[in-house]
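Architecture and fold: a report
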Amino acid sequence: MDHNRHVPSPRQLPPIPADAPLRKVIEDRIDEIATTLLHEAVQSIEWPAFVPIEHFDGEVTPHIIGGFLHGLDLVTEGRRMSRAEAAAFVLPVAERHAEDGIPLPFLFTALHAGIRKLWEIVLESATEGDAETIAALGMHLADLTGTISVLMTEVYQDSDFALRATTRHELSALCAGLIDGSTGSEAMAKQVGIKLSDRYDVLVIRVDADEPRTTHEILAARRRLRLANQVFYGRGAGDVLNTFDGHAGVVLLPTPVVEQHDESAMTAHLVR
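For the structure given in this document, a descriptive report is provided here. (Residues numbered from 1 in each chain as written. Predicted model: local features only at pLDDT ≥ 70, side-chain atom pairs only at ≥ 80, totals over all residues. Heavy atoms only, no water.)

Here the focus is the overall build of the chain. Counting its regular elements, the chain contains 10 helices and three strands. Secondary structure of the chain in N-to-C order comes out as α-α-α-α-α-α-α-α-β-α-β-β-α. Every one of the 272 residues in the chain was classed for burial, and the buried ones make up 40%. The long-range share in the chain, meaning contacts at least 24 apart out of those at least 6 apart in sequence, stands at 73%. (Helix = DSSP H or I, 4+ residues; strand = E, 2+ residues; numbered from the N terminus. Buried < 20%, exposed > 50% of the residue type's maximum accessible area, 1.4 Å probe, protein only. Contact = heavy atoms within 4.5 Å.)

A word on the sheet that holds strand S3 (residues 248-254). Pairing within the open sheet is antiparallel, and its three strands lie in the order S1-S3-S2. Every other strand in the sheet has two partners, leaving strand S1 (200-206) and strand S2 (241-242) as the edge strands with one partner each. In terms of strand pairing, S1 meets S3 through seven bridges, oriented antiparallel. Along S3, the bridge assignment pairs leucine 203 with valine 251. (Pairing = 2+ DSSP bridges.)

The next subject is the environment of valine 90. Along the chain, valine 90 falls in helix H4 (residues 83-99). Spatially, the C-alpha atom of valine 90 lies 9.6 Å from that of threonine 147, the residues being 57 residues apart in sequence. The residues contacting valine 90, other than those within four sequence positions of it, are Ile148, Leu151 and Met152.

Here we come to the nonpolar core. Of all hydrophobic cores here, the largest spans 28 residues; its most connected members are Trp47, Phe56, Val90 and Met152. For this core, the secondary-structure elements that each account for two or more residues are helix H2 (30-43), helix H3 (54-77), H4, helix H5 (104-125) and helix H6 (131-157). For this core, the element with the most residues is H4, which contributes seven residues. Apart from residues no more than four positions distant in its own chain, tryptophan 47 is found in contact with Val42, Phe56, Ile102, Phe106, Thr215 and Leu219. (Core = buried A, V, L, I, M, F, W, Y, C linked by side-chain atoms within 4.5 Å.)

Another point: the environment of valine 240. Looking at the secondary structure, you find valine 240 in the loop between helix H9 (215-232) and S2. On a C-alpha basis, the gap between valine 240 and cysteine 175 in space is 9.2 Å, while along the polypeptide they are 65 residues apart.

The next subject is the packing of H2 against H5. Between H2 and H5, the least distance of the axes is 8 Å, while the angle of their chain directions is 135°. Between H2 and H5, the angle falls in the class oblique. As H2 runs across H5, the sense of the crossing is right-handed. Only Ala110, Ala113, Gly114, Lys117, Leu118 and Ile121 of H5 make contact with H2, whose side of the interface consists of Ile33, Thr36, Leu37, Glu40 and Ala41. (Axes fitted to C-alpha atoms, helices over the stretch in contact; angles between N-to-C directions. Parallel < 35°, antiparallel > 145°, perpendicular 65-115°, else oblique. Left-handed = near helix turned anticlockwise from the far one by under 90°.)

Turning to the environment of methionine 139, a few remarks are in order. Relative to the helices and strands, methionine 139 resides in helix H6. Sequence spacing of methionine 139 and proline 14 is 125 residues, and the spatial spacing of their C-alpha atoms is 7.9 Å.

Before going further, it helps to spend a moment on H5. Across its 22 residues, H5 extends 32 Å between first and last C-alpha, which sits within 8% of the 32 Å expected from 1.5 Å per residue. Those residues of H5 that fall on the buried side of the exposure criterion are Leu104, Leu107, Ala110, Leu111, Ala113, Gly114, Leu118, Ile121 and Val122. (Expected span 1.5 Å × (residues − 1).)

Taken as a whole and judged by the stated rule, the model has two aromatic pairs. Ring geometry for tryptophan 47 and phenylalanine 106: centres 5.5 Å apart, planes at 90°, overall edge-to-face. A residue pair is termed long-range when its members are at least 10 positions apart, and tryptophan 47 in the loop between H2 and H3 and phenylalanine 106 in helix H5 qualify at 59 residues. Taken together, the aromatic side chains of Trp47, Phe56 and Phe106 make up a single cluster linked through ring pairs. (Phe/Tyr/Trp six-rings, centres within 6.5 Å; stacked < 30°, edge-to-face > 60°.)

Once that is clear, we can look at a negative patch on the surface. Judged by side-chain charge, Asp210, Glu211, Glu217 and Asp245 come together as a negatively charged surface patch. Tracing the backbone shows glutamate 217 in helix H9. (Patch = residues over 30% accessible without salt bridge, like charges linked within 9 Å, V, L, I, M, F, W, Y side chains within 5 Å. Areas by Shrake-Rupley, 256 points an atom, 1.4 Å probe, with all protein chains shown as cover. Salt bridge = Lys/Arg side-chain N within 4 Å of Asp/Glu carboxyl O. Lys, Arg positive; Asp, Glu negative; His and termini not counted. Charge placed at Lys NZ, Arg CZ, Asp CG, Glu CD.)

The following block contains the structure:
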């Protein structure tokens, strides 16, 4: 047994030198590799119907690239990526997919497909002198995959996350009740803990002529709903009530909150 051989501590992994040839290959192709991994991940999922890969590019690819860049710095040190570091690029993606209604098993399938593809790219680019780099990289990827899996699971099990979704559903029901003139609206408002405005301006939104039917149309509508929630609830849960579902709906704007012409700016944001 070689007692002089360096054994990483539980908090460390084998370092990969900054000048390692295989690492240089990966660094030079980060943007291309990130796009390739995303496409492989999306294609690995058995969607109910066709979903164009471009649906995910703008929101997901930057986080993959960010994770790559940060990870390359860490492998030089031989340091594990902490939960907090991984969360910076994992949570925005997981939370968006959770709000869009994409099942957690789909995310696991996509994650492992992306890792497999990365490993294929590594092996295709490797030479006989890259054995130690490949071994070290495998340990880093295995460790990171475990961290990402835990973070994604926690997002989907987060009781606060689920509570926010429930609250938004209740606010939508309250909005529908106000529009219909329901006598129980005051009691419902008290139940969800908001104070109704004395007067509302009414904004009707309809993004598409037809209701979404294909998987892509449904995902696009859910994305619009997520973006709408960022606008509607940015000032507070009770300021802007709405029944918008990503396709159509009514928005109640408390008159003191919204200045003239703000409606057009809000509409432009939602349909982008």
